[in-house]
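# Coordinates in review
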Amino acid sequence: MAIASLQGLVQILAESLSEPPDGFIIEHHTAGGHNAGPQGPMKLDELGQPIYSELDEPDLQAIRGIGIPFWLAGGYGNHEKIQLALSHGATGVQVGSVFALAEESGMKPAYRTAILNEIKKGTDDDALVRTTLFSPTGFPFKVAQLDGTLADDTVYQTRTRLCDIGLLQQRGLSKPDENGKRRLFHRCSAAPVESFVKKRGLPHNTESRRCLCNGLMSTVGLGQIKNQVEEPAIVTLGNHLDSIRRLSHQGQHPYWVSDVVQDLLGD
Ligand SMILES: Cc1cc2nc3c(=O)[nH]c(=O)nc-3n(C[C@H](O)[C@H](O)[C@H](O)COP(=O)(O)O)c2cc1C
């Protein structure tokens, strides 16, 4: 399966001379986790979020015409949206956020409770989840605005920059040395700034970049402990929280995966 956001990439991959994917997840920019960047030059709103437009909406008729099965993702976590996806020719949907807050989820209960508490308080979707440029990958990344996590600038600034998991590192080649030899390097824009710049990185690309490797491990309760302090967590969630609101009765009750499945199937 390949994750894509627009028909252009689907077309290119479908025509792949090696082997086309068996299917596509067409992920809208409102989905939890990483998102594709907007088409055209990056423009930000007053909160520093990428601005998306009509150009970022997939042409589902064109994708259907390509003839490889596809699933829709990003705000499709309810019965009506599944019907809509099927009516566009999708084989199904991929759902993340509503499952992420279910009781069986690997997300630490403290963070799930914190999100449900925000919902209970009446925090609206836009205030609770922001699209950020925190990810070292350079792709937009959705972040739940929770105190005590890397969403909080003070927590971010207090953490000593360090790259010790390295899953999002980029690889590159150094400039030739006096013997013309180039060396392979690995770098992360959330690592110490000097180390990134030494590896041909631009300082402005390190601004506000946060360690997702450590952050996400802490979110699932597997955070590294350094000097007796756990690495700060970072919590991701999509923009559409309507199903979470409904299933949790406005943040007042926990819910289980079986409730989600029943809700999705419209039972
Ligand atoms: C907590 C969480 C973690 C996710 N992690 C990944 C991931 O590691 N890789 C990935 O391709 N998508 C990831 N996603 C995206 C989901 O696979 C899915 O496409 C997306 O959540 C669908 O949109 P929704 O959040 O509106 O349901 C994640 C989503 C959430 C909410």
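Definitions and cut-offs
- Residues numbered from 1 in each chain as written.
- Predicted model: local features only at pLDDT ≥ 70, side-chain atom pairs only at ≥ 80, totals over all residues.
- Helix = DSSP H or I, 4+ residues; strand = E, 2+ residues; numbered from the N terminus.
- Buried ≥ 20, exposed ≤ 12 C-beta atoms within 10 Å, placed from the backbone.
- Pairing = 2+ DSSP bridges.
- Axes fitted to C-alpha atoms, helices over the stretch in contact; angles between N-to-C directions.

## Description of the environment of T113
Relative to the assigned elements, T113 resides in helix 5 (residues 109-121). Assessed through the 14 C-beta atoms surrounding it within 10 Å, T113 is described here as partly exposed. Along the backbone, T113 and P254 are 141 residues apart, and their C-alpha atoms lie at a distance of 8.5 Å.

## A short note on unusual backbone geometry
Backbone geometry at R200 places phi at a positive 65 degrees, although glycine is not the residue there. Secondary-structure assignment places R200 in the loop between helix 8 (193-198) and helix 9 (212-219). Here Q228, not a glycine, exhibits a phi torsion of approximately 65 degrees, which is positive. In this structure, Q228 sits in the loop between strand 9 (225-226) and strand 10 (229-230).

## Comments concerning the sheet that holds strand 4 (residues 92-94)
The parallel open sheet is built from four strands, whose spatial order is 1-2-3-4. Among the strands making up the open sheet, the edge pair consists of strand 1 (2-4) and strand 4. Averaged over all neighbouring strand pairs, the angle between strand axes comes to 30 degrees, with direction disregarded. With four bridges connecting them, strand 2 (residues 24-27) and strand 3 (residues 70-73) associate as parallel partners. Each bridged residue has a counterpart across the sheet, and for I26 the counterpart in strand 3 is L72.

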